[in-house]
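The primary structure of each chain is shown beneath.
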Amino acid sequence: MRYGAGPEVLSDVTFTLQPGSFHFITGPSGAGKSSLLKLMFLAHRPSRGFITLFDRDVTRVPHDELPDMRRRIGVVFQDFRLVQHLSAFDNVALPLRVAGRPEDVIRKHVTELLTWVGLKDHLNARPPTLSGGQQQRVAIARAVIAHPKLLLADEPTGNVDDTIAVRLLYLFEELNRMGTTVVIATHNQSIISRFSHPVMRLHEGGLVDIVQNAAAV
Amino acid sequence: MSRQQLLLPLTREPSTKLLPWIIGVMVYLAVLIFAAALMMAQTASRWDHELTHGLTVQIPPGDGEEAAALDKKVDAVERALRDTAGIADVKAIPAAVTAASLEPWLGTAAEMKDLPLPRVIEVQIADGARVDTDALFAALDKVAPGIVIDNHDFWRNQVIALVGGLETLATVTIGLIGFTAMAAVIFATRSSVAIQRDVIEVLHLIGATDAYVAHEFQRQAFRFSLGGSVLGTILALATMLLMGRLAANLDTALMPNLSIEIWQAVLLWTVPLLATLIATMTARRTVLNALRRMI
């Protein structure tokens, strides 16, 4: 994969994720973690090679069929990418509204989830009035609200303390138990070491190996 | 729970805030021009009807001819006209009335008494009838040699040409107004899409279709263009009402009727509806074109 006419930032990466699996991606800054996730959440198409997602080669999926695939993917962006003029509630409700869910269902589920992540008193708060950690929890809630088949998170615990980070990871595990395939990019080794999930290690745009978490072993 | 905010506000930015007002002004102008064209067509139709159904016969006096002799000729022509098929009414204009109508240009009746003024007969043609003016001239010229028949063709053709030209001008002007309004909508929508590119990308990544994003813009375009159009139309109708009242105070036979009828007022409301439809569809098309180039 390359950005425009720039050099390849990711090359010759081959792996398979089993449905319902849970993986961490780790590596130093610039290793290609975010680029790999961008390919997986269909923000970019590979400049060569192919990616199969939900049994379809994403390089051949027509533009008008991408939304249906994207609705099956939940994404936590590194920079949150919350809609600044919308409340926390409306941000989290977006995937459900886009999917055309009824407003009463949306109200119930969004309120429950925001309560679960500790933001019950901030339903109407806009992102600029929330702390980094609170914004991150809103972003995570938005990613998981529609029960995606695949959850991709780019440094989802970067702005929260370890207690909340572990709690959020438990949320991801809960989703994973319900059948969601989870991939989390992080360089927080202390978090990785608490969970018994395989780790994909990237270095300079290549996949070094996939190892079972040593702590879990 | 607070009221749901607009996801992609179309007119939040300074460059797009004036758009509803621009649409309102455009519709105001378009309605006025359309109304003027309707009134013009109505007046022209009335004139055309009057001129098509009328003839003017002039009987010039012969050299040194006495008034009594001329009166006899007028009577003879009048009788001949009444006996002609297709003629509904014949009315000889008294010499005094002709003289009075010329007073502003030629002076008082006493001063005109030596002038060889022709006698005039107004002829009304029956609805649906056709009168062969050449045959009529040949017949009447035998009764009163030197007779002149004016069927107003020259004047009517001039009026039809003028009204046709003005109607074309009105159509072109309304077209230009529509084009300018569309350009304003395209510019505002493109600006808004560019400014909110990040939000649109997020929407795409969570599974929003292009149609979903376009609908967000489209429904706002519908709302503000409908508001602006209705306001523009109401102001235009108020302007026409005012102009109609001012014109009613004038006592001028040639002044066209500046009031509009109910059916015309109803027809005028097609302008704001059309403007709303065009603005809405333009916004939708513009967004869809822009989205095609995005992820």
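Here, the structure is the one placed above.
Nothing here was measured: the structure is a model prediction, and the numbers come from that model. (Residues numbered from 1 in each chain as written. Chains lettered and ligands numbered in written order. Predicted model: local features only at pLDDT ≥ 70, side-chain atom pairs only at ≥ 80, totals over all residues.)

Student: Kindly report on the environment of Q218(B), identifying the contributing residues and their values.
Tutor: All names here are of chain B. Summarising the element assignment, Q218 is placed in helix α9 (residues 210-248). A tally of 23 C-beta atoms within 10 Å means that Q218 is categorised as buried. What Q218 contacts, discounting residues up to four positions off in sequence, is T280, A283 and R284. (Helix = DSSP H or I, 4+ residues; strand = E, 2+ residues; numbered from the N terminus. Buried ≥ 20, exposed ≤ 12 C-beta atoms within 10 Å, placed from the backbone. Contact = placed C-beta atoms within 7 Å.)

Student: Can you lay out the interface of chain B and chain A for me, pointing to particular residues and giving the numbers?
Tutor: Opposite the 14 residues of chain B that make contact, chain A presents 19 residues. Counting residues per element, the side of chain B that touches chain A draws most heavily on helix α8 (residues 197-205) of chain B, which supplies four residues. Looking at the side of chain B that touches chain A residue by residue, the class counts come to nine nonpolar, five polar and no charged. (Nonpolar A, V, L, I, M, F, W, Y, C, P; charged D, E, K, R; others polar.)

Student: Give me the lowdown on the sheet that holds strand β4 (residues 148-150) of chain B, citing residues and values where you can.
Tutor: Residue and element names in this part refer to chain B. The four strands are arranged β2-β3-β1-β4 in an open sheet whose pairing can be described as antiparallel. The sheet is open, and its two borders are formed by β2 (87-93) and β4, each paired with just one other strand. Direction aside, the axes of adjacent strands within the sheet are offset by 20 degrees on average. Sheet topology note: the strand β1 (residues 54-59)/β4 ladder contains three bridges and is antiparallel. Paired with Q58 across the bridge in β4 is V148. (Pairing = 2+ DSSP bridges. Axes fitted to C-alpha atoms, helices over the stretch in contact; angles between N-to-C directions.)

Student: Pulling in residues and values, what's your account of the environment of F50(A)?
Tutor: Residues and elements named next belong to chain A. Position of F50 relative to the elements: it lies in the loop between α1 (33-40) and β2 (52-53). For F50, a count of 10 C-beta atoms within 10 Å translates into the label exposed. On a C-alpha basis, the gap between F50 and L168 in space is 32 Å, while along the polypeptide they are 118 residues apart. Once you skip the residues sitting within four places of it in the chain, F50 turns out to touch D57 and T59.

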